[in-house]
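Residue strings, one per chain:
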Amino acid sequence: MKIGFVSLGCSKNLVDSEKMMGMLTANGHTLVSDPAAAEAIVINTCGFITSAKEEAISTIFEMAAYKKKDLKKLIVVGCLAQRYKEQLEAEIPEIDAVVRISDYAQLHEVFAKELHDDGAVCFAKAQRLLTSKPWTAYLKIAEGCSNHCTYCAIPLIRGDNVSVPMEQLVEEAKELARKGVKELVLNAQDTTKYGVDLYGRRSLLDLLKQLHAIEGFHWIRILYMYPDEIDDELIEGMAQLPKVLPYFDIPMQHANNEMLQRMNRRGTKEDVLQLIQKIRSVYEMPTLRTTFIVGFPGENRETMNELLDFVKEIRWDRMGAFTYSPEEDTPGFSMKPVCEESLKEVYLDELMSLQETIALENQQKKIGKIIEVLVEDKDGLTNRYRGRSAWDAPDEVDGMVIFRSERRIEMGTFVKVKITEVLPHDVIGVEVQ
């Protein structure tokens, strides 16, 4: 059959989608990009916060409209399916099958029934069909999360942290390298807890050493590093592995210690200040990225001012923030006092405005520097190339490098660029040879 596939949510969900697309093609189906041409559509949903759930529901209805034409089957999988299977089945009759994440072991049987294939290849054995740019790929090193933050539904959806065996990850990474991947991006809900469940200790550095030895990778990047799991051994060990970028994605969520306790975040603001000091003592110009939640129950002007002061002190290179979204069945859902929605937006605007100023000031220190850039695109109108540096993850959160060159450059190659101008998130320059 001709299958359309929609993948929503984070890069971890994307890895699952790529495995499902690999299943579908291995079982004889053809993937199509135009939903109007599809005989069946699979939607891999996100259900993390309210806006993600709204996007998933909107997408389901949008795809369901094609049933008025040639669409025969609509299948919904992923986080929303895990949380609301019964409601989806009852309230959206256009859906033919809803498959929970916990039922992926039987996914091939559902596909076989609904899509009329022989179900020969199951989810666990499927080879991923890479959908990102061919020189970059994610490697999901664990599933679920054991941190149980009071605002977060991930443990309810995906369960506690389960690490993928190291030998399995190494083999998957070797296959990605054989396919031409040059930038490997490690992800999980908490990459720093990798191996605790399998080997009785944090084993991220051990994994990095094995991945670093694989020929073909030029950059290895790590996302979602829980602050209290980053120790001196990891920081110093990463510095001994040239392919591993000094890119520290450390979701903080807040800086007031009482708020951190209410969120069930381990460690204190003071611990993180020491951590950042350690990172900056080892690396000349590391990238420090974080996320914050504003408006969690108990938030007020005093806690918000402390967060703003913390951001001024750290001077994060990259920062994302969002307003708290109460999630049913989480401890935070019933916590008091509740922060008013109007105040949440005020706080968010203050935080992001401050970060915009800090980001631009940080960027100005880069003028005149020569950096390595992974070339990804060329603008036909301006004739300028675009790519990413070690400072820029591929998840469309960070910035990009925009530069001119006197020669034709093949996409997916690395070049040297001298920075001549900066914006709050992007840098502009010229290739140097």
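Parameters and conventions
Residues numbered from 1 in each chain as written. Predicted model: local features only at pLDDT ≥ 70, side-chain atom pairs only at ≥ 80, totals over all residues. Heavy atoms only, no water. Pairing = 2+ DSSP bridges. Helix = DSSP H or I, 4+ residues; strand = E, 2+ residues; numbered from the N terminus. Axes fitted to C-alpha atoms, helices over the stretch in contact; angles between N-to-C directions. Contact = heavy atoms within 4.5 Å. Parallel < 35°, antiparallel > 145°, perpendicular 65-115°, else oblique. Nonpolar A, V, L, I, M, F, W, Y, C, P; charged D, E, K, R; others polar. Buried < 20%, exposed > 50% of the residue type's maximum accessible area, 1.4 Å probe, protein only. Phe/Tyr/Trp six-rings, centres within 6.5 Å; stacked < 30°, edge-to-face > 60°. Core = buried A, V, L, I, M, F, W, Y, C linked by side-chain atoms within 4.5 Å. Expected span 1.5 Å × (residues − 1). Arc of directions from axis to C-beta.

Right, let's get into the sheet that holds strand β13 (residues 318-323). By way of backbone hydrogen bonds, the strands of a sheet pair with one another, either parallel or antiparallel. Read from one edge to the other, the open sheet built from three strands follows the order β11-β12-β13, with strand pairing classed as parallel. Each edge of the open sheet is held by one strand with a lone partner, namely β11 (247-249) and β13. The mean inter-strand angle of the sheet, taken between neighbouring strand axes irrespective of direction, is 10°. Here three bridges tie β11 to strand β12 (residues 287-294), and the two strands are oriented parallel to one another. In the strand pairing of β12, D249 is matched with R289. Running over the sheet, helix α13 (residues 341-364) touches β12 and β13 and is turned about 175° from β13.

This part covers the packing of helix α8 (residues 204-212) against helix α9 (residues 232-239). Relative orientation of the contacting elements α8 and α9 amounts to 10°, with a least axis distance of 10 Å. The orientation of α8 relative to α9 falls into the category roughly parallel. Along its contact with α8, which presents L204, L205 and L208, the element α9 presents E233, L234, G237 and M238. Per-class residue counts for the contact of α8 with α9 are five nonpolar, one polar and one charged.

Across the two faces of strand β10 (residues 219-222) the burial is the same, with W219 and R221 and I220 and I222 all buried. Bridging between strand β9 (residues 183-187) and β10 involves four bridges; their strand directions are parallel. Each residue of the ladder has a partner; that of L186, found in β10, is I222.

Centre-to-centre distance and the angle between the planes together describe a pair of aromatic rings. Within this structure, the stated rule accounts for nine aromatic pairs. With 5.0 Å between their ring centres and 55° between their planes, Y104 and F123 make a pair best called tilted. Here F123 lies in the loop between α4 (107-115) and β6 (136-140) and Y104 lies in the loop between β5 (97-99) and α4, a separation of 19 residues in the sequence. No difference in accessibility class separates Y104 from F123, as the two residues are buried. With a centroid separation of 5.0 Å and an interplanar angle of 75°, the aromatic rings of W219 and F414 are classed as edge-to-face. Of this pair, W219 sits in strand β10 while F414 sits in strand β17 (residues 414-422), placing them 195 residues apart in sequence. Three or more aromatic residues joined by ring pairs form one cluster here, namely Y151, F296 and Y324.

Glancing now at the nonpolar core. Counting residues in each nonpolar core, the largest one holds 58 residues, and the members touching the most others are L186 and L208. What L186 contacts, discounting residues up to four positions off in sequence, is L139, I141, T191, L204, L207, L208, L211, I220, R221, I222 and L223. I3, M20, A40 and I75 belong to the second-largest nonpolar core, a separate cluster that totals 22 residues.

Looking now at the sheet that holds strand β15 (residues 385-388). Ordered by their spatial adjacency, five strands build a closed barrel running β14-β15-β16-β18-β17, and the pairing between neighbours is mixed. Averaged over all neighbouring strand pairs, the angle between strand axes comes to 55°, with direction disregarded.

We now examine the pairing of β17. Direction of pairing for strand β14 (residues 370-378) relative to β17: antiparallel, over a ladder of five bridges. Residue pairing across strands places V373 opposite V415, the latter belonging to β17. Bridge count for β17 against strand β18 (residues 427-432) is six bridges, and the pairing is antiparallel. Along β18, the bridge assignment pairs I419 with G429.

Once that is clear, we can look at helix α2 (residues 50-64). Taking 1.5 Å as the rise per residue, α2 with 15 residues should run 21 Å; its terminal C-alpha atoms sit 21 Å apart, in good agreement. Buried residues of α2: A52, K53, A56, T59, I60, M63 and A64, and no others. Taken down its axis, α2 places every buried residue within 130° of arc, on the same side. Buried residues along α2 sit against β1 (2-7), β3 (40-45), β4 (73-78) and α3 (79-91).

Read these as geometric descriptors, not functional statements.
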